[in-house]
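Topology and contacts: notes
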Amino acid sequence: GHRGFGDLAPHNTIAAFRAAAGHAGVTSVEFDVRRSVDGHLVVTHGPEIGPYVEKATLAELRCRDLGGGERVPLLAEVVDECLRGGLLMNVELKGGE
């Protein structure tokens, strides 16, 4: 699933990756990774938050509600969720754009 399973949960959230793992036929997910200004690797995408990541701290990013109370996840959290769900990962590293 692209950015998790965005039809069931906000894109690039733990809920979206959990939904992808629970959906028959989804075997892999694709997501972008960016570094916050204070050095944390987070999973995010899109014009609504992507360019903002490199100018924000993790605390500032975690304050943003991506929908349904979901927050910007750390890369480690997404990797753990994908491994738990048996999903392959296609990871794109972003930055300096």
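Description of the structure in this document. Computed from a predicted structure; not experimentally measured. (Residues numbered from 1 in each chain as written. Predicted model: local features only at pLDDT ≥ 70, side-chain atom pairs only at ≥ 80, totals over all residues. Heavy atoms only, no water.)

Thoughts on the packing of aromatic side chains
The geometry of two aromatic rings is summed up by the distance between their centres and the angle between their planes. Stated precisely, the cut-off is as follows: Aromatic pairing here means that ring centres of Phe, Tyr or Trp (its six-membered ring) are within 6.5 Å. Orientation follows from the plane angle: under 30 degrees is stacked, over 60 is edge-to-face, and everything else is tilted. Helix numbering and strand numbering both begin at the N terminus, where a helix is a DSSP run of H or I of at least 4 residues and a strand a DSSP run of E of at least 2. Relative accessible area decides the class of each residue, using a 1.4 Å probe on protein chains only: under 20% of the type maximum gives buried, over 50% gives exposed, and in between gives partly exposed.
A complete count under the given rule lists one aromatic pair for this structure. Considering the side-chain rings of phenylalanine 17 and phenylalanine 31, the 5.4 Å spacing of their centres and the 80° angle between planes classify their relative orientation as edge-to-face. In this pair, phenylalanine 17 sits in helix α1 (residues 14–21) while phenylalanine 31 sits in strand β1 (residues 28–35), placing the two residues 14 residues apart along the sequence. Across the pair, phenylalanine 31 and phenylalanine 17 agree in class, each one buried.

Some details on the nonpolar core
Rules: Among buried residues, the Ala, Val, Leu, Ile, Met, Phe, Trp, Tyr and Cys ones that are joined through side-chain atoms within 4.5 Å form a nonpolar core.
One finds Ile14, Phe17, Ala20, Val26, Val29, Phe31, Val33, Val43, Leu75, Val78, Cys82 and Leu87 forming the largest nonpolar core, which totals 12 residues. Of all the elements in the fold, those that place two or more residues in this core are α1, β1 and α4 (75–85). Among the nonpolar cores identified, the runner-up in size contains seven residues, and Val42, Val53, Ala56 and Val72 belong to it.

Describing the sheet that holds strand β3 (residues 88–93)
The following threshold applies: Here the rule is simple: two strands pair whenever DSSP picks up at least two bridges between them. Here, axes are lines fitted to C-alpha atoms. For helices the fit covers the stretch in contact, and angles between N-to-C directions go from 0 to 180 degrees. By the convention used here, residues are in contact when the closest approach between their heavy atoms is within 4.5 Å.
Spatially, three strands are ordered β2-β1-β3 in an open sheet, and the strand pairing comes out mixed. Bordering the open sheet on either side are β2 (41–43) and β3, each of which pairs with just one other strand. Within the sheet, the average angular offset between the axes of one strand and its neighbour, ignoring direction, is 35°. One ladder, built from six bridges, connects β1 with β3; its direction is parallel. Among the inter-strand pairings, aspartate 32 is bridged to a residue of β3, identified as glutamate 92. Sheet contacts for α4: β1, β2 and β3; angle to β1, the most-contacted strand, approximately 165°.

As for the pattern of salt bridges
Put simply, the test is: Any Lys or Arg side-chain nitrogen located within 4 Å of an Asp or Glu carboxyl oxygen qualifies as a salt bridge.
Summed over the entire model, instances satisfying the criterion amount to five salt bridges. For arginine 62, the salt bridge goes to glutamate 77, with nearest N and O atoms at 3.2 Å. You can see arginine 62 sitting in helix α3 (residues 58–62) and its partner glutamate 77 sitting in helix α4, a full 15 residues away along the chain. Overall, the relative accessible area of 30% leaves glutamate 77 in the partly exposed class. The salt bridge partner of glutamate 92 is lysine 94, with a shortest N-O separation of 3.0 Å. Here lysine 94 falls in the partly exposed class, since its relative accessible area comes to 25%. One salt-bridge network, in which partners are shared between bridges, spans Arg18, Glu81 and Arg84.

From the geometry alone we can't say anything about function, so treat these as descriptive.
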